[in-house]
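In case you want the letters, here they are:
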Amino acid sequence: MTNIVVLIKQVPDTGSERKLSDGDFTLDREAADSVLCEINERAVEEALQIKERNADDTVVTVLTVGPEKATEAIRKALSMGADKAVHVKDDAIHGSDILQTAWVLARALGQIEGAELVITGNASSDGAGGAVPAIVAEYLGLPQLTHVRKLAVDGDTVTAERETDDGVFGLSATLPAIVSVGEKINEPRFPSFKGIMAAKKKEVVELSLADLGVEADEVGLANAGSSVVSSTPKPPKAAGEKIADEGEGGTKIAEYLVAQKLI
Ligand SMILES: Cc1cc2nc3c(=O)[nH]c(=O)nc-3n(C[C@H](O)[C@H](O)[C@H](O)COP(=O)(O)OP(=O)(O)OC[C@H]3O[C@@H](n4cnc5c(N)ncnc54)[C@H](O)[C@@H]3O)c2cc1C
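Attention in this report is confined to the structure presented alongside it. (Residues numbered from 1 in each chain as written. Predicted model: local features only at pLDDT ≥ 70, side-chain atom pairs only at ≥ 80, totals over all residues. Heavy atoms only, no water.)

1. Comments concerning the site of the ligand
And step 1. Surrounding the ligand, one finds 32 residues, the nearest of these being Lys9, Ser124, Gly129, Ser226 and Val228.
And step 2. Backbone polar atom of Gly129 to an oxygen atom of the ligand: 2.5 Å apart, as the coordinates give it.
And step 3. Gly130 is positioned such that a nitrogen or oxygen atom in its backbone is 2.7 Å from an oxygen atom of the ligand.
And step 4. When residues of the shell around the ligand are traced back to their parent elements, those giving at least two are helix 1 (38-54), strand 4 (59-65), helix 3 (98-109), strand 6 (115-121) and helix 4 (132-140).
And step 5. Class assignment for the residues of the shell around the ligand results in 16 nonpolar, 13 polar and three charged. (Near = heavy atom within 4 Å. Polar contact = N/O pair within 3.5 Å; in protein donor to acceptor, adjacent residues only side chain to side chain. Helix = DSSP H or I, 4+ residues; strand = E, 2+ residues; numbered from the N terminus. Nonpolar A, V, L, I, M, F, W, Y, C, P; charged D, E, K, R; others polar.)

2. As for empty space enclosed by the protein
And step 1. A complete count under the given rule lists one cavity of 30 Å³ or more for this structure.
And step 2. Of the voids in this model, the largest cavity is the one considered here, and its volume is about 50 Å³.
And step 3. For the largest cavity, the full set of lining residues is Gln10, Val11, Pro12, Leu27, Asp28, Arg29 and Ser34.
And step 4. Top element by residues in the lining of the largest cavity is strand 2 (residues 10-12). It accounts for three residues.
And step 5. Looking at the lining of the largest cavity, its residues break down into three nonpolar, two polar and two charged. (1 Å grid on protein atoms, 1.4 Å probe; cavity = no way out; pocket = protein on both sides within 12 Å on 5 of 7 lines; lining within 4 Å. Points joined across faces, edges and corners; volume = space filled by probe spheres on them.)

3. Describing a negative patch on the surface
And step 1. Together, Asp245, Glu246, Glu248 and Glu255 make up a negatively charged patch on the protein surface.
And step 2. Tracing the chain through its elements places Asp245 in the loop between helix 6 (209-212) and helix 7 (249-259). (Patch = residues over 30% accessible without salt bridge, like charges linked within 9 Å, V, L, I, M, F, W, Y side chains within 5 Å. Areas by Shrake-Rupley, 256 points an atom, 1.4 Å probe, with all protein chains shown as cover. Salt bridge = Lys/Arg side-chain N within 4 Å of Asp/Glu carboxyl O. Lys, Arg positive; Asp, Glu negative; His and termini not counted. Charge placed at Lys NZ, Arg CZ, Asp CG, Glu CD.)

Have a look at this one:
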């Protein structure tokens, strides 16, 4: 295998305040701390483990579509051990929907030489569409192995265990292919000090829409097939009701459940 490409996305930290911009309901990137999506740390980890098992000249490339700030997520992936990065950034991409984002990713993948295995997260913690891997696979005409909890590559064959609510499925495909991983796939490594220093010198190729042959009217909020038109924050969680059991605890719980129309 020559090149494993990991699709990585910078997302607002779930621990900080997340909100949408007042004007166009796109993500307010200044309102929250930004981090590499946790599921993407696992995707990077999986690529690194495959490279280490192969012990050959396999290259791990990370690819992101995002604004300037997404460089921080790229550096994190590089400090974990990825070899190089491709960053697609262009103001015209702002507000793109899931189809447009996947289209840009597909076009960028077409420019990465020797890309045989593409690894993604199964869903990002902000958009949570859970559809980018499948859409990219469709655009590129590649087999997709999604929601994977175990992965192995042998020659040009990739085998995987796919876990969903319905059970566990054994999957197999011939490379090139796209794999999306779930939380059970591995525990991602922490970047070492050496890794952090090395990441500063690693290659980050920046590509614009023009470099990809994508026209500005194929992307962006104004050309999106869908857009967010309203949003209402969830009300904060109310404190629970405590019932002291003085012999009638069971009855009181039953009464509470009836009042809530739960039984
Ligand atoms: C505030 C906000 C507003 C939005 N508004 C709209 C809207 O109006 N209309 C609409 O259709 N969609 C909207 N979206 C969805 C947004 O376009 C998607 O987040 C984006 O297209 C990717 O989809 P996802 O995050 O749901 O990806 P998922 O399919 O959940 O991601 C799965 C995996 O795909 C890869 N991936 C996803 N995005 C990228 C990326 N940019 N670069 C590299 N890899 C990536 C990662 O490996 C990720 O783990 C909005 C999202 C947010 C956060």
